[in-house]
Structure formats: C-alpha cells, structure tokens
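Listed here are the chains, written in short residue letters.
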Amino acid sequence: MRFVRRQLLHLVPVLFVVTFLSFLLINLLPGDPVITILGPGATQEHVTALRKELALDEPIPVRYVHWLKRIATGHLGQSYVNRQPVLEAIRQRLPTTLELMILAEAFALALAIPMGILAARRPNGIFDRVTTTTAFGLLAVPNFMLAVVLVYVFALHWHLLPAEGYTALTQNPFENLRHLVLPAVTLAAADVAVYVRLLRSEMVTTLQQDFITLARAKGLPDRRILLRHAFRPSTFSLVTVIGLNLGRLIGGAFIVEYIFALPGIGTLTVSSIFNRDYLVVQGTVVLIAVGYVLANFLVDVSYSFLDPRIKDVRALT
Amino acid sequence: MLLTLLLLVALVTAACSSGGGSTRGAGSTTPTSAGPPKSGGRLVIGVEAESDGFDLTKNRPAASGTVVFRAIYDQLYVFDKYDKPQPSLATGAEHNADFTEWTIHVRAGVTFQDGTPLDAAAVQGNIQAIKSSALTGPLLNPIVGVDVVDPLSVRVRLNSALPAFPSYMATALGTIQAPAMRKDPDSGRHPIGTGPYRLKSWTPGSSLVLARNPNYWRKGLPYFDEIEIRPIPDAHSRLSALRAGDVDMIHTSDGQSIADLRKETSLQVQEEKTGETEEGFVMLNTGKPPFDDIRLRKALALATNPQQVIDIAGAGVGTTADGPWAPGSPWYTPTGYPKMDVAQARSLVQQIKAEKGAVNIELKATADPATLQVAQLLKDQWSQVGITTSIKQVEQSQYILDALKGDYQGILWRQFGARDPDLEYPWWNSKYAAPEGALALNFARHASKQIDDAQEQGRHSDDPAVRKAAYATVGRVLAEDLPYVWLSHTVWALAAKPDIHGLGGGTEVDGSAATGPDNGSFSVAELWRG
C-alpha cells in the first residue's frame, strides 16, 4: 500500500512538469489561435477583441495558473475553435484510442510470445533465423508505409476490411472490430519485432540456467520446461518494455489514427496543435501523462507478481 | 514531443495537401442519369476536413463545412450555372434608383427546422448578426442598416451603390439561420435552418449525420433519408475509402487523386466546370524590398514555368493561370500576363545585380511536402536566371499571420474563388494595404489607382459589359504590376459510386439548372441512389 501511495505521489510533480512544459511549448510555437479562428479576413480590431475574450491577452504563467485552478475543480475548459468542452471531446475520443492500443498490444503479444519462445528453443536454428529476419523487416518498414500496403491488399484488392472509419463498440461490435483490425496490425508490427527479439534473448539466457538443466535432467518434456519453467522468469524485460513502450504506442497511434481517419485522441491532439487550440492540447497532454505514469506504475506492481523477491526488497527499504 | 509530432504528421500528409500546383482541367466522366429520382436510403460522403461548427457568425467553413451549411441552411439567393444570382428563400428584390437601398421579399410559408416561421424579422436579425460578426462583417462593409418593411420584406440600406447586392446574398453571406441560434451560446453545434436536412448528430472528427427535413419547403426534396459526412483528411485514404466501398462519394483537390480518378472506370467523376476556381500563385510583398522593385517581380514572372509545376507537383492536372479568373468564367479576359522568357528575365536580373548586388530572395511555404515541392521547383527555375532563393517553411496559422502582417517577401498562396469579383474587393484595393507590421487584407501591399478606380466602377455599375471591362482592367493591371506570379487554377472533383446521381448540380426553385459543385462544395438536396 505504501508502495502504491508513493507511486501515486510521483504523479503530482510529473503532471506539473509535463503540463507546464507543454503549455509553454505550444504557446511558444509560432501561430495564433485567434488568426486560426478569424482567418485571412481578420482585422486588428477583431483580433484584439477575440484575444481578450479568450483571455489570450494575459501572460503565459497567469494563464497557466488559471488553467490549474480550473483543472482543480474538474474543468478542463472549452475548445477555442468549436467551443466543445475539452472533457467531452476527450470522452468521445478516448475509447477509440484505448481500443486501438489494447488491440495492437494484444496482436503484438499474441504473435511475439509464441515466436519468441520457439526461436529461443533452438537458437540459430531455421525458425530463429527466419524470425530474426522478419523482425528486422518489420522494424525497418515505417508504419505509414505498412498501412498503405495493408489497405491496398485487404481493403482495395480483397475487399475484406474497411480502408478507413470507425464504428463504436456499443453500436456494432463486429463492425468495430473490422474497422480496427488494419490500424491495430499497423501499430503492432514494430512491437512484434521488438518483443520477439527481447523474449528470445531472455529465454535463451534463462534456458542456460541451473534450474532448467535440473528440469531437463529430471526428464521433463520440452514444452513444459519452456512454458512452465522458463517463460515466466523471461518476461521481466518484456513487461518493462511494454510499459515504457506506451509512449511510442501513443505516438504511433497518432499517425495510424490520421491515416485510417479514426476519431481518437491522436487526431484530436494533432488537429488541436495545428489550430493552436491550447486548452484541448493541454487536456490531451494531461490524459497522456496520467496514462503513461499509471501504466508504468502497473508495470512496477506486476514485477512483484512476476518475481516475489522484488516485493521483499521494497518492503525492506 | 509536440514539434516531433508536427513533423511526423507533416510527413504523413505528404500526398494529401494541395499546393499551388493543381489546375483546372477538362471534365472527365459525365455523371449518368437513370430515370426519375428515387427517394430513401442513406448516403456516406468522405470530406477533406472537419469543421469547427455551423454558425456562420462564429465559424469559418472550408469546402467540407460548406457542404453541411448548404444542407442545413438555405440562402436568400443562389447562383445559377451562369453565375447569375437567382432567388431562393427570397422571391425577389427591388432597388432604388442609385442602388443604395435594396428591398428583399421573403418567401411565405417557410419554417425553420424548430418550427419558427421565416419572416422579415428573422432575415433582419440574420443580416445584422452577419454584419456585426468578426468573421463576416468586413465583407458586408457596404451595409449600414436593415429595416423591416412588412412581415415578409426587409430594406437593406447601403453606404454606396451596390448593384451586385443579390450576388452577395447568393454567397454564404445570404445564409438564413433561425432566430433561436442568436440566443444559443453553443449555436455552432446546434444549427437550425430551413434547409433540406437537419443535424441529427455530430461527433467531431468522426462523423456528422444529417436527417431529412420532413417540412422542407421545396416539395419532393431531398431524396436521401439520411446522409453521413465523414472527415478523411488524407486525400489517398479518402480515395481508398471510396474504392473500398466504405463511402459513396468524396470530393478532392489533390492533383494525384484527380489524375488517378481520370483513369478510373468503375467510379463516376465530376470535375468542376461551373463557378470560379481559386488560383495558386506566388504572392509578392510589393511594400518592401526586394519586391518593391517591379523589375525583380517581372524577372520572377518571366523565369517561372508554371506548366512544369503543374506537371510535376500537380500530377499534370489542369492549366496555367494568367489572372484571377479562369477561361470559362464570365469574368475572364486575357490579361497580357508575361510569357516565360528566360533570356529577358536574366537580363533584368543582371540590371538589378549591377545596381544592388546579388539577388537573394526568401520564399515562404507551408510545411506540407506538396507545397514544398512547388517551392523547390520554383527555386530551381529562378536559379536559372541568377536569383538565389531560400525557402522558409512556416506552419499554417503563422503563415496567415505573416501574410496579414506583410512579414514575407514571397509566399505561396491560394485564393480568389469568389463568384462575383466585387467580393474580392478588399484583397486588391489600396484602402486595405498597410505598412509591414499592421494587419492588412491587401496582403501584397499593392496599391494601384487604376485598380481602385476599376473596382469602384465594377461595384457601382449594373451594366454587365461595364463590369466585365472594369474587372478586365483589374486583371490587366495585376499582370503589369505583378504582385502575383500566377501558377494555376485549382481543380476540384467529385467522385462517386456509379449508382449515385445528381453530382452535376440540381435545379433552381423555378426548375432551371442550378450551379454545379463550387470550389469543392456541393448541394446534397438532389443527390439520390438508383
């Protein structure tokens, strides 16, 4: 419990730093939300009036403090551009991004775990070499390129899956899944490569340890040794990387959402950056920062499950 | 991280953005006709961008947003296929002898989608709201007041003669929104009009659903029960969505997509043939060095090969421009814009070099790769005559600000698609030019008494021949003074599955042919499937 409390307390300074830096960064970028809203026909008089109305005439630190006060009362503000409450915009977009990320990770792990285990079974064997080559291939292909190829093959050529768009899970679960398969596979591809390589390497090390030799000496079947004895201790690095990978996954989701026209947090953030819609960007940054810290907190917690010695060490400190 | 994101997204948008390269071309496949229109069904349209809202006084619709505006609202007037304003929600209008007062008669028996009747008070409130809006007000400068004459008539008072007033009302400025919207702080998300469709639901960034207005005043319209509009910003994804059958119809101004569509046999394609196209051009700041020197502007125009830009950056779609109007427009006359002449350009550059030293210029472009490609091509062409160009990438919202403030030497730009040339008034008039640093709608800071006089003549005359001659003068002076190095006319195309009909445009209230698609916008009232 003390460990959980301490981890949650870490969240507070992280959020302060992340939100202040993002607030500063987006405000320092060239461009002006007022010009975005008023367009090329803007007059000086209207620019001044709208800047005052949106409180953009105040210094950045003052605006940041106002924003902090609002967020303390649970209000993330309203979009400058379409006046939609930021919380509502996030609520509408979050399920798409969460689903996309969960599905992508599920695809990646479903492929990477068996491939990693089988590759480690006979290092430098045919399967290992094919897996290594495939993994490097997947790493080398940028996800936007892979997306184009997947759309061409599965949507345009075979007409099996939609090329873009989204159907909500609550509206039609089957259509929802169909719309998310190609984006999730695109997002998962690079992760498969990393996870396979990582698991294979950990498994190879584990399989050389004494307790595995003992298990083999006892005559246990190969499958049992791989799955029951070697797999769990070999997932330590994999779990760490899954947690750390969340940042990359979010970045990848931004691009994948754009290509497949998915209404997620990525497209919301990107369009808000282009529109200089500061409050929406701030809202999504808070969400991403909280998500990232919480995910890594869950990873830390999972260590004690994977290896109980971790908990004992923490209890002692 | 945010900057990295911007760069990443810019990479992905490589193929979707349109720079100055696309041009108007010959139409391709003619839409088919399949007997009398059938009612019912659902249509899914893929559009290029999401809108920020649907209140004209608070939001600024691009082509995609205008599609929704035209579905939800009607205008007092609409343009016909010959660019003439025809009554729509108005039944007609009269003017006084000197065109400083216009009395508009409003159609009886029309109700808004919330049940409020359309009357003179509603029209008066609308025009006043549009006039006082920061977004639309500058374009309605000539209006000084609106009075209710009787329950179905309003009188609009102007500060100068304006024979083209019905043309103003045939643009978005003539849009009539329900009085209830003026009291709603969130009106952009709750639009209420008299149009063929009402807003059923809207999830920004995902989809917008329009449902048939059962009380639409034009009996028998619209045909579809429901229309879903999905923003798909990437041009290639939008085309793929149509090919895969995810959407029924798309619009695009992406040169490569249009080139691909021209080869497509399983889809119908309608390239815009009516209305005014926007032009792609290099805008030069004539208010400060180096482009305050006409010789350098001329050298740039003579050294530019717009056809090469179209062929390489626009996938060969379209034709070169010599002014703000395209051949086929009722306002078009040849402008005498200089033809490419590398030797003459080189000689002008030599003269300038002898007087002022090396000729180094800066060209601003947005960060999207298609626009950068245009900038790079121009840089290469200009280097042939001794001009050294540095390309500066600027992000979109800063880009507009730079143009407004005159903080540029040369900048790639796309504009001038208004149906009546008087609506272009502020962009060219010296009253709207200002020194660098002050916001000015005459972005090029080009002041010409000849243009000012011609614009006044065009604004105040009701004789089409006089007006055409006046705007021919504008085109000619622009070609002589060269605040713009013209590149191309923008092409928009609609593409749809073969069973969708009505792409070419519908009918006016009197049954005559209405205008077709206009700068990517189109009416959905008379689309049907069959």
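Residues numbered from 1 in each chain as written. Chains lettered and ligands numbered in written order. Predicted model: local features only at pLDDT ≥ 70, side-chain atom pairs only at ≥ 80, totals over all residues. Heavy atoms only, no water.

1. What about the side chain of Asp518(B)?
Looking at the element boundaries, Asp518(B) is found in the loop between β19 (500-501) and β20 (528-529). Note on Asp518(B): relative accessible area 16%, which makes it buried. (Helix = DSSP H or I, 4+ residues; strand = E, 2+ residues; numbered from the N terminus. Buried < 20%, exposed > 50% of the residue type's maximum accessible area, 1.4 Å probe, protein only.)

2. A look at the pairing of strand β18 (residues 493-496) of chain B
Residue and element names in this part refer to chain B. With burial as the criterion, each face of β18 is covered, one bearing Ala493 and Ala495 and the other bearing Leu494 and Ala496. Strand direction decides the pairing type here: strand β11 (residues 249-252) and β18, joined by four bridges, are antiparallel. In the strand pairing of β18, Met249 is matched with Ala496. (Pairing = 2+ DSSP bridges.)

3. Topic: the domain arrangement of chain A
Residue and element names in this part refer to chain A. Looking at chain A, the domain boundaries give domain 1 (2-72) and domain 2 (89-316). On a C-alpha basis, the centroid separation for the pair domain 1 and domain 2 is 32 Å. The partner domain 2 presents 18 residues to the 25 residues of domain 1 that form the contact. For the pair domain 1 and domain 2, the two sides together bury roughly 1,900 Å², of which 73% comes from carbon and sulfur. (Domains from an automatic or database assignment. Contact = heavy atoms within 4.5 Å. Buried area = accessible area lost by both parts, 1.4 Å probe.)

4. Side note on the pattern of salt bridges
Across all of its chains, the model carries 34 salt bridges over all chains by this definition. In this structure, Glu88(A) and Arg189(B) form a salt bridge, with 2.9 Å as the shortest nitrogen-oxygen distance. Residue Glu88(A) is located in helix α5 (residues 86-121), and its partner Arg189(B) is located in the loop between α4 (165-169) and β8 (197-203); the two belong to separate chains. On the basis of relative accessible area, Glu88(A) is assigned to the partly exposed category, the value being 24%. (Salt bridge = Lys/Arg side-chain N within 4 Å of Asp/Glu carboxyl O.)

5. Side note on the domain arrangement of chain B
Residue and element names in this part refer to chain B. Structurally, chain B comprises domain 1 (14-25 + 32-56 + 62-68 + 195-274 + 492-501 + 524-529), domain 2 (74-183) and domain 3 (279-489). Residue-level contacts link 17 residues of domain 2 with twelve residues of domain 3. Both sides together, the interface formed by domain 2 and domain 3 hides about 1,200 Å², and carbon and sulfur atoms give 60% of it. Of all residues in domain 2, Asp83, Pro163 and Tyr168 give up the largest surface area on contact with domain 3, accounting jointly for 33% of the area buried on that side. At the surface where domain 2 touches domain 3, the tally comes to one salt bridge. Linking Arg419 and Asp83 is a salt bridge whose minimum nitrogen-to-oxygen distance equals 2.8 Å.

6. Examining the layout of surface pockets
What the second largest pocket holds in volume is close to 600 Å³. Along its surface, the second largest pocket is lined by 29 residues, and Tyr166(A), Thr167(A), Ala168(A), Gln171(A) and Glu228(B) are the ones closest to its centre. Per-element tally for the lining of the second largest pocket: the top contributor is α5(A), with four residues. Broken down by class, the residue content of the lining of the second largest pocket amounts to ten nonpolar, eleven polar and eight charged. (1 Å grid on protein atoms, 1.4 Å probe; cavity = no way out; pocket = protein on both sides within 12 Å on 5 of 7 lines; lining within 4 Å. Points joined across faces, edges and corners; volume = space filled by probe spheres on them. Nonpolar A, V, L, I, M, F, W, Y, C, P; charged D, E, K, R; others polar.)

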